[in-house]
Amino acid sequence: MVLISVLTGVVLVATVVFLSGRGWRQYTPAPLGAAPERGRSSVTALAENPTVWVLAFVAAVAVFGGATVAFVGGGVSESAVQLGGLVLLVGGGLVAVGYLFFGTFIAAKGRGLGNAAAAALGSWVLGLAFILIVVVKLMGLF
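Here the residue numbers are simple positions, counted from 1 along each chain's written sequence. Given that the model is predicted, a residue must reach a pLDDT of at least 70 before its local features are reported, and side-chain atom pairs must reach 80 or more before they are shown or counted; all residues, however, enter totals for whole chains, interfaces and linings. Think of the side-chain values as coming from all heavy atoms in the structure, minus any hydrogens and water.

## Section: the nonpolar core
Cut-off, in case you're wondering: Side-chain atoms within 4.5 Å link the members of a nonpolar core, which is a set of buried Ala, Val, Leu, Ile, Met, Phe, Trp, Tyr and Cys residues. Accessibility here uses a 1.4 Å probe with only protein chains present; expressed as a share of the type maximum, an area under 20% marks a residue as buried, one over 50% as exposed, and anything in between as partly exposed. Any two residues whose heavy atoms approach within 4.5 Å at even a single point are treated as in contact.
Counting residues in hydrophobic clusters, the biggest one holds six residues: V16, F105, A108, L113, A118 and L121. Beyond its immediate stretch of four places on either side in the chain, F105 contacts N115, A118 and A119.

Here it is in structure tokens:
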């Protein structure tokens with residue numbers, strides 16, 4: 001049973017490497033002075049604005065910092081400690097899932113894959129991470 005699991009994992013990793021390595025030579029970056037696309041939404045314009053990213057990062061640091069102080073520090077109620085732990089757990093999980101999925105998605109798109117193939121690859125990476133967590137849990141290491 002362990003041998004079958006290991007072989008399945010090797011096949012999955014080899015498939016991901018094969019799919020992500022295809023066609024990477026076809027990528028051509030846009031020139032620096034390229035005109036913006038017409039019909040962009042305001043959400044897209046906000047997502048491409050560096051100031052919005054800086055403010056979102058500062059807000060995330062403030063939320064995580066406050067939750068850490070509430071979770072670790074003394075002098076707050078038990079419900080604040082529990083809420084701080086919950087915010088850290090959920091926020092950390094969302095950051096990890098977002099990093100894995102969107103990082104894989106953007107990397108796959110940059111290598112010439114379409115939206116559907118890039119989303120499938122990102123979902124596959126999340127599935128592999130979930131399987132890894134289950135295996136570690138079953139082995140008693142977590």
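## Here we look at helix α5 (residues 115-138)
To be explicit about the condition: Note on conventions: DSSP H or I runs of at least 4 residues are helices, E runs of at least 2 residues are strands, and numbering of each starts at the N terminus. Each helix should span, by expectation, one fewer than its residue count multiplied by 1.5 Å.
Helix length check: α5, at 24 residues, gives a terminal C-alpha distance of 34 Å against a target of 34 Å (1.5 Å per residue), a fit within 8%. Every buried residue of α5 is listed here: A118, L121, G122 and V125. Following α5 by one or two positions, G140 adopts a phi angle in the positive range, close to 85°.

## Focus: the packing of aromatic side chains
Quick reminder of the rule: For Phe, Tyr and Trp, where Trp contributes only its six-membered ring, two rings pair if their centres lie within 6.5 Å, and the inter-plane angle classes them as stacked under 30 degrees, edge-to-face over 60, or tilted in between.
Applying the stated criterion across every chain yields a total of two aromatic pairs. An angle of 15° between the planes, with centres 6.2 Å apart, marks the rings of F101 and F105 as stacked. Residue F101 and its partner F105 are located together in helix α4 (residues 78-110), separated by four residues, close to a single helical turn. Comparing F101 with F105, the two get one shared label, buried. Among the aromatic residues, those joined into a cluster by ring pairs are F101, F102 and F105.

## Description of the side chain of T104
Checked against the element boundaries, T104 lands in helix α4. Excluding anything up to four places from it in sequence, T104 contacts Y99, L121, G122 and V125.

## Observations regarding the packing of α4 against α5
Threshold: Whenever a helix is involved, its axis is fitted only over the stretch in contact; in every case the axis is a line through C-alpha atoms, and angles between N-to-C directions fall within 0 to 180 degrees. Each crossing is labelled by how the near helix is turned from the far one, with a counterclockwise turn of less than a right angle marking it left-handed and a clockwise turn marking it right-handed.
The geometry of α4 relative to α5 is characterised by a closest axis approach of 8 Å and an angle of 145° between their N-to-C directions. Judged by the sense of rotation from one axis to the other, the crossing of α4 with α5 is right-handed. Each of V97, L100, F101, T104, F105, A108 and K109 in α4 lies in contact with α5, whose residues at this interface are N115, A118, A119, L121, G122, S123, V125, L126 and A129.

## Notes on the environment of G85
As for its position among the elements, G85 is in helix α4. Spatially, the C-alpha atom of G85 lies 10.0 Å from that of V69, the residues being 16 residues apart in sequence.

## Describing the packing of helix α3 (residues 50-72) against α4
Rules: Under this scheme an angle from 65 to 115 degrees is roughly perpendicular, one under 35 degrees roughly parallel, and one over 145 degrees roughly antiparallel; angles in between are oblique. For this classification, the nonpolar set comprises Ala, Val, Leu, Ile, Met, Phe, Trp, Tyr, Cys and Pro, the charged set comprises Asp, Glu, Lys and Arg, and every other residue, Gly included, is treated as polar.
Where α3 meets α4, the closest approach of the two axes is 7 Å, and the angle between their N-to-C directions is 140°. Considering their axes alone, α3 and α4 lie oblique with respect to each other. Considering only the axes of α3 and α4, their crossing is left-handed. Between α3 and α4, the contacting residues are V63, F64, A67, T68, A70 and F71 on the first element and A80, V81, G84, G85, V87, L88, G91, G92 and V95 on the second. Each residue belonging to the contact of α3 with α4 can be placed in one class, and the counts come to ten nonpolar, five polar and no charged.

## Considering a nonpolar patch on the surface
The condition is simple: The patches reported here contain residues having more than 30% relative accessible area and no salt bridge. Joining distances are 9 Å for like charges and 5 Å for nonpolar side chains (Val, Leu, Ile, Met, Phe, Trp, Tyr). Reported accessibility uses the Shrake-Rupley method at a 1.4 Å probe radius. Residues are deemed covered only where the shown protein chains occlude them. The salt bridge criterion pairs a side-chain nitrogen of Lys or Arg with a carboxyl oxygen of Asp or Glu, the two atoms within 4 Å.
On the surface, a cluster of nonpolar side chains totalling about 750 Å² of accessible area is made up of F130, I131, V134, V135, L138, M139 and L141. Looking at the secondary structure, you find F130 in helix α5. Its relative accessible area of 55% is what places F130 among the exposed residues.

## So, the confidence of the model for the protein
Threshold: Note on scores: pLDDT gives the predictor's confidence for each residue, bounded by 0 and 100.
In this model, the protein carries a mean pLDDT of 81, and residues with pLDDT of at least 70 account for 82%. The element-level mean pLDDT for the protein is lowest in helix α1 (residues 2-21), coming to 74, with α5 highest at 92.

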